[in-house]
Amino acid sequence: MHPRFQTAFGELPATLQSALQSYIDAPDFPAMLKAEQVDAIKQRCGLDDDALAFALLPLAAACSLAPISQFYVGAIARGQSGNLYFGANMEFSGAPMQQTIHAEQCAVTHAWLRGEPALASITVNYTPCGHCRQFMNELNSGTNLKIRLPGREPATLGDYLPDSFGPKDLDITTLLMDQVDHGFQLALTDELEKAALAAANQSHAPYSNAHSGVALEAEDGTIYTGRYAENAAFNPSLPPLQAALILMNVSGDDCQKVKRAVLAEPESAILTQWDATRATLAALGCQNVSRITF
């Protein structure tokens, strides 16, 4: 079991500990549970979908990186597939506050990067802020996405974000988590560059068309990729670097041990991720950053 889970796991009900043990003890536990695993856990513990998601929140919050706020938020995204994806807030010392990742963004992006086509619900241990509500409004689940909070009646994103402004107001039909391939091609031999380009091809940037992707190489050679997730309200957009850091963190790797990074983006785009990517990675101790353009 990854050390970050030990305290939270020890405080779970004994029946849930027993049902989870074999999954969470796996050395490569991906901070997610597949649908068949979820079903097996529910049967052993007598929990329904919502009760299990609430019970797992302490484990999700254990993935939090909060050196600035010391405020640990966990989130569980339930995919339409039945898979459950952990998410947590992530802060980076030395980087601007704007580079922070909220727990809901983390869980949503985690699901997206694992190939989940749509979400059914988000369970979180604190009320989603306005930033997160707007971020989730970009999803193909729309305002019907279920939001679950401890001690609150079941509600939808539409209840939390009335009179919303989103992609449909701008006639955008391809939504966040829709499967896409933008078809960008480059003659590449470097595996990290290939991974960054592949991520850019799956990014969501319908407002700027500045599709971009980032690939990070960890110390052991593992590659983590992230895609740009743009938002109709602009500011809640999630940069590709943050998406890659989400996957790195939930996978149990250390975000301060990035060996090398590559950004892939258009050469003449109306905006660039380059300066922010370099600055944030520098704050994390990585100077080996390169950029490829298409």
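Residues numbered from 1 in each chain as written. Predicted model: local features only at pLDDT ≥ 70, side-chain atom pairs only at ≥ 80, totals over all residues. Heavy atoms only, no water.

Q: Any chance you could explain the overall build of the protein here in plain terms?
A: Looking only at helices and strands, one finds 10 helices and 10 strands in the protein. A compact globule built from 294 residues would reach a C-alpha radius of gyration of about 19 Å, and the protein, at 18 Å, matches this within 12%. With the C-alpha coordinates aligned to their principal axes, the bounding extent of the protein is approximately 55 × 45 × 35 Å. The buried share among the 294 residues of the protein stands at 52%. For the protein, the share of sequence-separated contacts (at least 6 apart) that also reach a separation of at least 24 residues comes to 63%. Carbon and sulfur atoms make up 48% of the accessible area of the protein, which amounts to about 12,600 Å² in all. With 18 positive and 31 negative side-chain charges, the protein shows a spacing of 3 Å between the two charge centroids. (Helix = DSSP H or I, 4+ residues; strand = E, 2+ residues; numbered from the N terminus. Rg over C-alpha atoms; globule rule 2.2 N^0.38 Å. Buried < 20%, exposed > 50% of the residue type's maximum accessible area, 1.4 Å probe, protein only. Contact = heavy atoms within 4.5 Å. Areas by Shrake-Rupley, 256 points an atom, 1.4 Å probe, with all protein chains shown as cover. Lys, Arg positive; Asp, Glu negative; His and termini not counted. Charge placed at Lys NZ, Arg CZ, Asp CG, Glu CD.)

Q: I tried to follow the pattern of salt bridges on my own but got confused; where do I start?
A: Opposite charge on two side chains permits pairing when their charged atoms draw close. Under the defined criterion, the tally for this structure stands at 10 salt bridges. Here Arg-78 ties to Asp-49 by a salt bridge, and the two come within 3.8 Å at their closest N and O atoms. Residue Arg-78 is found in strand β2 (residues 74–79), and its partner Asp-49 is found in helix α4 (residues 49–61); the two are separated by 29 residues along the sequence. When its relative accessible area of 19% is taken as the criterion, Arg-78 is described as buried. The partner of Arg-148 in a salt bridge is Asp-50, and the shortest N-O contact between them spans 3.0 Å. (Salt bridge = Lys/Arg side-chain N within 4 Å of Asp/Glu carboxyl O.)

Q: Would you mind going over the sheet that holds β2 with me for this structure?
A: Backbone hydrogen bonds hold the strands of a sheet together, and the pairing may be parallel or antiparallel. Sheet architecture is open: 6 strands sit in the order β1-β3-β2-β4-β5-β6, paired in mixed fashion. Lying at the two open borders of the sheet, with one neighbouring strand each, are β1 (32–33) and β6 (155–156). The sheet contact formed by β2 and strand β3 (residues 84–88) spans 5 bridges and is antiparallel. Bridge pairing in β3 links Arg-78 to Leu-84. (Pairing = 2+ DSSP bridges.)

Q: Where do I start with empty space enclosed by the protein in this structure?
A: Using a probe with the size of a water molecule, rolled over the atoms, empty space left in the structure can be pinpointed. As enumerated under the stated definition, the model contains 1 cavity of 30 Å³ or more in all. Roughly 30 Å³ of volume is contained in the largest cavity. Counting residues per element, the lining of the largest cavity draws most heavily on helix α10 (residues 274–283), at 3 residues. Of the residues in the lining of the largest cavity, the class split is 3 nonpolar, 5 polar and no charged. (1 Å grid on protein atoms, 1.4 Å probe; cavity = no way out; pocket = protein on both sides within 12 Å on 5 of 7 lines; lining within 4 Å. Points joined across faces, edges and corners; volume = space filled by probe spheres on them. Nonpolar A, V, L, I, M, F, W, Y, C, P; charged D, E, K, R; others polar.)

Q: What am I meant to see in the environment of Phe-86 here?
A: With respect to the helices and strands, Phe-86 occurs in strand β3. When the C-alpha positions of Phe-86 and Ala-62 are compared, they lie 9.7 Å apart, and in sequence the two are 24 residues distant. For Phe-86, the contacting residues outside a window of four places in its chain are Phe-5, Phe-29, Ala-31, Leu-56, Leu-59, Ala-60, Ala-75, Ile-76, Ala-107, His-110 and Val-250.

Q: I tried to follow the sheet that holds strand β9 (residues 258–265) on my own but got confused; where do I start?
A: Spatial ordering of the open sheet is given by β8-β7-β9-β10, a layout of 4 strands whose pairing is mixed. Both edges of this open sheet fall to β8 (223–227) and β10 (289–293), since each of them pairs with a single strand only. Between one strand and the next, the sheet's axes are offset by a mean angle of 20°, whatever the strand orientation. Across 5 bridges, the pairing between β9 and β10 is parallel. In the sheet register, Ala-261 faces β10, and the bridge partner there is Val-289. (Axes fitted to C-alpha atoms, helices over the stretch in contact; angles between N-to-C directions.)

Q: For this particular structure, what's the right way to read the layout of surface pockets?
A: Estimates place the volume of the largest pocket at around 460 Å³. Lining the largest pocket are 21 residues, with Tyr-228, Phe-234, Asn-235, Ser-237 and Pro-239 positioned closest to its centre. Within the lining of the largest pocket, the residues separate by chemical class into 8 nonpolar, 12 polar and 1 charged. In this structure, the second largest pocket occupies an estimated 270 Å³ of space. Contributing to the lining of the second largest pocket are 18 residues, with Phe-71, Val-73, Asn-89, Thr-100 and His-102 lying nearest its centre. Its residues assigned to classes, the lining of the second largest pocket comprises 11 nonpolar, 5 polar and 2 charged.

Q: In this structure, what is going on with the nonpolar core? I would like to understand it.
A: Most often, soluble globular proteins have nonpolar side chains that are buried together. The biggest cluster of nonpolar side chains holds 79 residues, and the ones touching the most others in it are Leu-59 and Leu-216. Looking at this core, the element that brings in the most residues is helix α9 (residues 240–250), giving 8 residues. Listed in part, the 10 residues of the second largest apolar core include Leu-188, Ala-195, Val-262 and Ile-292. (Core = buried A, V, L, I, M, F, W, Y, C linked by side-chain atoms within 4.5 Å.)

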